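Listed below are the residues making up each chain.
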Amino acid sequence: VLTFVGVMLQVILTGILFARFARPDCRVVFSRWATINDYSGKPTLQFRLTNERTTTVVEPTVKVVLGLVDPSNPKAGRRFHNLSLRMDTMPILPVMWTLTHEINEESPLHTLWDDHKKFYESSPVINIIFTGLDSVYMNSVFVSHGYFPSHIVFGELSQAQQEIPGGVEVDYAKFHEAEAHAD
């Protein structure tokens, strides 16, 4: 009986320690650059993300908040605006996900996107919040990321994804690249 209790106690303690330290870490990586470009004939803000883990993230959701300063009244502080995305949730996180915000009449970027000087004077900060569910541990995962003016360019994200037999492959050397357009 004493041996049985000792073994059971050891099994329970091992399980508790494993559960405590074996939590999922969210290794979602965001592209180095957010870009503003002409996508399908419309001005669009784009950035991309990928999951570095081999496990699947279920029900990934992305929320984007834009902070702007009014250059004519910088003491008023930064004003925050929710940015709508063409698709802000998926059933599972794909190999690479390019998120897009169409700059239309309802977008807070509407009056800024075509005047680069005015855009950068407004000191834009793009805050992104990513949440999802780790499919192995069934725990919530969370990561946030920010793009500051020095990492927002008027240009194109490089083509980093290609079709291969049986799936898709990401060229991580190109994942962070962007080509800036001349002003």
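Please refer to the structure higher up on the page.
Residues numbered from 1 in each chain as written. Predicted model: local features only at pLDDT ≥ 70, side-chain atom pairs only at ≥ 80, totals over all residues. Heavy atoms only, no water.

K.L.:
Now, about the overall build of the protein: what can you tell me, with residues and values included?
P.N.:
Within the protein, the regular secondary structure consists of three helices and twelve strands. Its C-alpha radius of gyration of 21 Å places the protein more than 25% over the 16 Å reference for a compact globule of 183 residues. Here the C-alpha coordinates of the protein stretch approximately 80 × 50 × 25 Å along the principal axes. The buried share among the 183 residues of the protein stands at 34%. In the protein, the share of contacts with a sequence separation of at least 24, taken over all contacts with a separation of at least 6, comes to 65%. Counting every atom, the protein has about 11,200 Å² of accessible surface; 57% of that belongs to carbon and sulfur. In the protein, which carries 15 positive and 20 negative side-chain charges, the distance between the mean positions of the two groups comes to 9 Å. (Helix = DSSP H or I, 4+ residues; strand = E, 2+ residues; numbered from the N terminus. Rg over C-alpha atoms; globule rule 2.2 N^0.38 Å. Buried < 20%, exposed > 50% of the residue type's maximum accessible area, 1.4 Å probe, protein only. Contact = heavy atoms within 4.5 Å. Areas by Shrake-Rupley, 256 points an atom, 1.4 Å probe, with all protein chains shown as cover. Lys, Arg positive; Asp, Glu negative; His and termini not counted. Charge placed at Lys NZ, Arg CZ, Asp CG, Glu CD.)

K.L.:
Go over the sheet that holds strand 4 (residues 57-69), please, and point to the residues and values.
P.N.:
Across the sheet, which stays open at both edges, the four strands sit in the order 5-4-7-8 with antiparallel pairing between neighbours. Only two strands of the sheet have a single partner each, and these edge strands are strand 5 (78-83) and strand 8 (140-147). Pairs of neighbouring strands in the sheet enclose a mean axial angle of 20°, with direction left out of account. (Pairing = 2+ DSSP bridges. Axes fitted to C-alpha atoms, helices over the stretch in contact; angles between N-to-C directions.)

K.L.:
Kindly report on the packing of aromatic side chains, identifying the contributing residues and their values.
P.N.:
The final tally for this structure, using the stated rule, is four aromatic pairs. Note on Phe119 and Tyr120: the rings are 5.1 Å apart at their centroids and 85° apart in plane angle, and the pair reads as edge-to-face. Judged by its relative accessible area of 32%, Tyr120 is partly exposed. Consider the rings of Phe119 and Phe154, whose centres lie 5.2 Å apart with planes at 80°: the pair is edge-to-face. Of the two residues, Phe119 sits in helix 2 (residues 116-121) while Phe154 sits in strand 9 (residues 152-157), which places them 35 residues apart along the sequence. You can call Phe154 buried: its relative accessible area is 8%. An aromatic cluster is built from Phe119, Tyr120 and Phe154, whose rings are joined through pairwise contacts. (Phe/Tyr/Trp six-rings, centres within 6.5 Å; stacked < 30°, edge-to-face > 60°.)

K.L.:
Go over the pattern of salt bridges, please, and point to the residues and values.
P.N.:
Pairing between side chains of opposite charge can happen when the charged atoms of each approach one another. Tallied over the entire structure, the rule returns two salt bridges. Linking Lys117 and Glu121 is a salt bridge whose minimum nitrogen-to-oxygen distance equals 3.3 Å. Placement of the pair is Lys117 and Glu121 together in helix 2, with a separation of four residues, close to one helical turn. (Salt bridge = Lys/Arg side-chain N within 4 Å of Asp/Glu carboxyl O.)

K.L.:
How would you explain the nonpolar core if you had to name every residue and give the values?
P.N.:
Where a protein is soluble and globular, its nonpolar side chains tend to be buried together. Ranked by internal contacts, the top residues of the largest apolar core, which has 30 residues, are Phe30, Phe47, Leu49, Val62, Ile126 and Phe130. Looking at this core, the elements with two or more residues in it are strand 1 (28-30), strand 2 (34-39), strand 3 (42-51), strand 4, strand 6 (96-102), strand 7 (125-134), strand 8 and strand 9. The biggest single contributor to this core is strand 4, with five residues. Excluding anything up to four places from it in sequence, Phe47 contacts Phe30, Ser31, Trp33, Ala34, Val62, Val64, Trp97, Thr98, Leu99, Ile128, Tyr147 and Leu157. (Core = buried A, V, L, I, M, F, W, Y, C linked by side-chain atoms within 4.5 Å.)

K.L.:
Before we move on, could you go through a negative patch on the surface and cite the residues and values that matter?
P.N.:
A cluster of like negative charges, contributed by Asp38, Glu156, Glu169, Asp171, Glu177 and Glu179, occupies part of the molecular surface. Glu179 sits in the exposed class, given a relative accessible area of 55%. (Patch = residues over 30% accessible without salt bridge, like charges linked within 9 Å, V, L, I, M, F, W, Y side chains within 5 Å.)

K.L.:
Tell me about a nonpolar patch on the surface, residues and numbers included.
P.N.:
Taken together, Val1, Phe4, Val5 and Met8 make up a surface patch of nonpolar side chains, about 450 Å² in accessible area. Relative to the helices and strands, Val1 is located in the segment before helix 1 (2-21). Overall, the relative accessible area of 86% leaves Val1 in the exposed class.

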